[in-house]
Amino acid sequence: MKLTILGGGGFRVPLVYGALLTDRGEGRVTEVVLHDLDDSRLHAVARVLAEQAATVPEAPTVTATTDLDEALRGADFVFSAIRVGGLEGRADDERVALAQGVLGQETVGAGGIAYGLRTVPVAVDIARRVARLAPDAWVINFTNPAGLVTEAMSRHLGDRVIGICDSPVGLGRRIAKVLGANPREAFIDYVGLNHLGWVRGLRVAGRDELPRLLADPDLLGSFEEGKLFGTDWLQSLGAIPNEYLHYYYFNRETVRAYTEVEKTRGAFLRDQQAQFYDEMKRPDTSALTAWDRTRAEREATYMAENRETAGAGERDEDDLSGGYEKVALALMRAIARDERTTLILNVRNQGALSVLDTDAVIEVPCLVDANGAHPVAVAPLPDHATGLVCAVKGVEREVLTAAENGSRATAVKAFALHPLVDSVNVARRLVEGYTEVHPGLAYLK
Ligand code: G6P
Ligand code: MN
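Residues numbered from 1 in each chain as written. Chains lettered and ligands numbered in written order. Predicted model: local features only at pLDDT ≥ 70, side-chain atom pairs only at ≥ 80, totals over all residues. Heavy atoms only, no water.

A. Looking closely at the site of ligand 1. In the neighbourhood of ligand 1, 13 residues make up the surrounding shell, with Arg12, Arg90, Asp166, Arg265 and Arg298 lying closest. Between ligand 1 and the protein, one listed contact pairs an oxygen atom with a side-chain N or O atom of Arg90 at 2.8 Å. His195 places a polar side-chain atom, nitrogen or oxygen, 3.2 Å from an oxygen atom of ligand 1. Burial of ligand 1 by the protein amounts to 91% of the accessible area it has alone, namely 390 Å². Grouping the constituent residues of the shell around ligand 1 by class yields four nonpolar, three polar and six charged. (Near = heavy atom within 4 Å. Polar contact = N/O pair within 3.5 Å; in protein donor to acceptor, adjacent residues only side chain to side chain. Areas by Shrake-Rupley, 256 points an atom, 1.4 Å probe, with all protein chains shown as cover. Nonpolar A, V, L, I, M, F, W, Y, C, P; charged D, E, K, R; others polar.)

If you want it as structure tokens, here you go:
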């Protein structure tokens with residue numbers, strides 16, 4: 001079984017490889033091909049993987065290449081985890097938006113649109129190549145903004161592309177834990193778009209346990225989302241939102257916090273990772289130790305400004321290990337070995353969320369088996385959530401059209417229609433600002 005990882009020189013690749021190393025079963029991945037545009041990043045990551053594999057018998061082989069077509073040929077699975085424009089681009093996304101007084105987060109608001117506009121053309125090119133060179137491969141998309149990018153790729157790959165994110169999984173795990181339920185036995189009733197979803201129920205043996213949580217302020221205030229959103233607001237909503245909804249429900253505060261911070265998230269990660277990749281050029285350092293130290297620091301500071309705004313304090317120990325690699329591995333196993341399971345994934349709607357058309361990619365629990373991911377029909381969202389989901393899907397569609405037609409006017413429309421951008425004039429200035437700094441947006445005419 002051959003797995004190709006696009007963005008193979010990326011910092012989180014060792015997480016995926018680490019998960020593969022735990023898989024001893026029949027039909028597991030035996031061959032990993034890393035693809036990246038940057039040879040030195042490939043070298044750095046390959047060093048970490050080699051140290052991870054050192055004590056593991058029959059570890060998957062690792063090869064690296066900068067030739068995309070060569071990487072794709074014969075792949076059974078393709079993980080796409082690219083970052084168009086790098087972390088410098090992410091920092092620019094934040095800076096340009098904040099200069100206009102709006103949010104520049106990599107997936108939410110203006111920043112997400114800018115990142116989407118430069119990523120979609122690249123993702124579409126990849127999708128076309130996969131369709132040609134590895135038509136039977138399954139593509140697992142990690143690339144943010146994950147919902148939008150998955151939808152762009154699905155226009156060429158249909159249901160063979162599946163988007164993943166660890167945030168709904170982490171949320172479900174936290175809720176299950178405070179309720180004393182086993183996350184593996186619980187059905188998490190979650191739906192929305194990527195980074196824009198709500199848990200409306202958690203069922204164990206036919207019983208919804210969420211009302212018990214919502215009724216108990218102590219329990220509710222004891223985990224990440226309770227601290228971030230406040231127990232009153234969760235009780236008012238009657239649901240637990242994905243942590244990224246903090247940018248919507250507390251937009252003014254998060255914009256202010258991001259404006260005041262010394263380094264934005266993107267700038268922090270840009271500098272932190274530059275140091276790591278530099279360190280990897282020195283043969284005397286342990287690659288795995290340096291990677292692990294860098295990873296721990298990254299995890300500990302995740303959404304730090306949001307938590308500070310909310311007075312939420314440090315992250316819980318249990319939340320520091322992410323889980324993105326576990327979703328990826330569970331998904332691959334289910335498909336490759338027909339091990340039926342339920343996972344929250346980004347797939348085409350197919351009628352599950354009736355307010356959106358069938359091709360709209362949504363984030364929803366899916367039954368997964370050798371035939372792929374099948375969304376489970378869900379109850380409708382309340383009007384306030386439907387409003388946000390439809391508005392943001394509308395924006396995503398404008399981004400897709402702008403990328404397809406190379407239309408600057410459509411890009412302006414995408415920014416202007418986003419609920420977190422409060423003026424058409426701001427949208428115009430955002431397009432100006434972004435096209436000035438991003439060579440990847442030169443196609444917008
Ligand atoms: C969460 C999100 C991902 C994001 C990751 C890393 O897991 O779901 O989409 O890539 O955080 O965030 P960071 O700010 O550390 O890059
Ligand atoms: Mn995510």
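B. Broad picture of the layout of surface pockets. Counted as a void, the second largest pocket has a volume near 980 Å³. Along the wall of the second largest pocket there are 29 residues; nearest its centre are Val169, Pro183, Arg184, Thr342 and Leu343. Broken down by secondary-structure element, the contributors of at least two residues to the lining of the second largest pocket are α1 (13–21), α7 (167–178), β7 (187–193), α17 (324–337) and β11 (341–348). Counting residues per element, the lining of the second largest pocket draws most heavily on α17, which supplies seven residues. Here the residues of the lining of the second largest pocket are counted per class, giving 15 nonpolar, seven polar and seven charged. (1 Å grid on protein atoms, 1.4 Å probe; cavity = no way out; pocket = protein on both sides within 12 Å on 5 of 7 lines; lining within 4 Å. Points joined across faces, edges and corners; volume = space filled by probe spheres on them. Helix = DSSP H or I, 4+ residues; strand = E, 2+ residues; numbered from the N terminus.)

C. Highlighting the coordination of the manganese ion (ligand 2). On the protein side, the manganese ion (ligand 2) has Cys165 (SG) and His195 (NE2) as donor atoms, found 2.3 to 2.4 Å from it. Of this pair, Cys165 sits in the loop between β6 (161–163) and α7 while His195 sits in the loop between β7 and β8 (196–204), and the two are 30 residues apart along the sequence. Assigned by exposure class, Cys165 and His195 land together as buried. (Donors = N, O, S within 2.8 Å, 3.2 Å for Na, K, Ca; no water. Buried < 20%, exposed > 50% of the residue type's maximum accessible area, 1.4 Å probe, protein only.)

D. Here's a closer look at the domain arrangement of the protein. We note that the domain assignment places domain 1 (2–163) and domain 2 (251–319) within the protein. Centre-to-centre, using C-alpha coordinates, domain 1 lies 20 Å away from domain 2. Facing the 22 residues of domain 1 at the interface are 27 residues of domain 2. Buried surface at the junction of domain 1 and domain 2, both sides included, amounts to about 2200 Å², of which 67% is carbon and sulfur. Applying the counting criterion to the domain 1 and domain 2 interface returns one salt bridge. Our count for the domain 1 to domain 2 interface comes out at 12 residue pairs in polar contact (both at pLDDT 80 or more). Among the secondary structure elements, those contributing two or more residues to the side of domain 1 that touches domain 2 are α1, α2 (39–53) and α4 (86–99). Per element, the largest residue contribution to the side of domain 1 that touches domain 2 is seven residues, and it comes from α2. Residues belonging to the side of domain 1 that touches domain 2 are distributed by class as follows: 11 nonpolar, four polar and seven charged. (Domains from an automatic or database assignment. Contact = heavy atoms within 4.5 Å. Buried area = accessible area lost by both parts, 1.4 Å probe. Salt bridge = Lys/Arg side-chain N within 4 Å of Asp/Glu carboxyl O.)

E. Seen up close, α7. End to end, α7 covers 17 Å across 12 residues, agreeing with the expected 16 Å (1.5 Å per residue, within 8%). Downstream of α7 by a residue or two, Gly180 has a phi angle that is positive, lying close to 70°. (Expected span 1.5 Å × (residues − 1).)

F. Here's a closer look at empty space enclosed by the protein. Tallied over the entire structure, the rule returns four cavities of 30 Å³ or more. Here the largest cavity is characterised by a volume of approximately 210 Å³. In terms of lining, the largest cavity is formed by 18 residues, of which the most central are Thr107, Val108, Pro145, Val392 and Glu396. Elements with a contribution of two residues or more to the lining of the largest cavity: α5 (109–133), α6 (146–157) and α18 (383–405). In terms of residue count, α18 provides more of the lining of the largest cavity than any other element does, four residues in total.

G. Region of the structure containing the packing of α2 against helix α15 (residues 287–300). Running from amino to carboxyl end, α2 crosses α15 at an angle of 105°, the nearest separation of the two axes being 8 Å. Looking at the two axes, α2 sits roughly perpendicular to α15. Counted together, Arg47, Val48, Glu51 and Gln52 of α2 and Ala287, Leu288 and Trp291 of α15 form the full contact between these two elements. Across the contact of α2 with α15, the residue classes tally to four nonpolar, one polar and two charged. (Axes fitted to C-alpha atoms, helices over the stretch in contact; angles between N-to-C directions. Parallel < 35°, antiparallel > 145°, perpendicular 65-115°, else oblique.)

H. Main features of the packing of aromatic side chains. Counted according to the given criterion, the structure contains 10 aromatic pairs. Consider the rings of Phe11 and Trp291, whose centres lie 5.8 Å apart with planes at 35°: the pair is tilted. With Phe11 in the loop between β1 (2–6) and α1 and Trp291 in helix α15, this residue pair connects regions lying 280 residues apart in the sequence. Residue classification places Trp291 among the buried residues on the basis of a relative accessible area of 5%. With a centroid separation of 5.7 Å and 20° between ring planes, the pair formed by Phe415 and Tyr434 is classed as stacked. On the criterion of sequence distance, the pair formed by Phe415 in helix α19 (residues 408–417) and Tyr434 in helix α20 (residues 424–437) is long-range, its members being 19 residues apart. By relative accessible area, Phe415 is classed as buried at 1%. For Tyr434, a relative accessible area of 1% corresponds to the buried category. Through a chain of ring-to-ring contacts, the aromatic side chains of Phe11, Phe276, Tyr277 and Trp291 assemble into a single cluster. Sitting above the plane of the Tyr277 ring, Arg41 keeps its charged end 4.4 Å from the centroid. One Lys or Arg, Arg160, reaches over the ring of Trp138 and ends 4.3 Å from the middle of that ring. (Phe/Tyr/Trp six-rings, centres within 6.5 Å; stacked < 30°, edge-to-face > 60°. Lys NZ or Arg CZ within 6 Å of the ring centre and 35° of its normal.)

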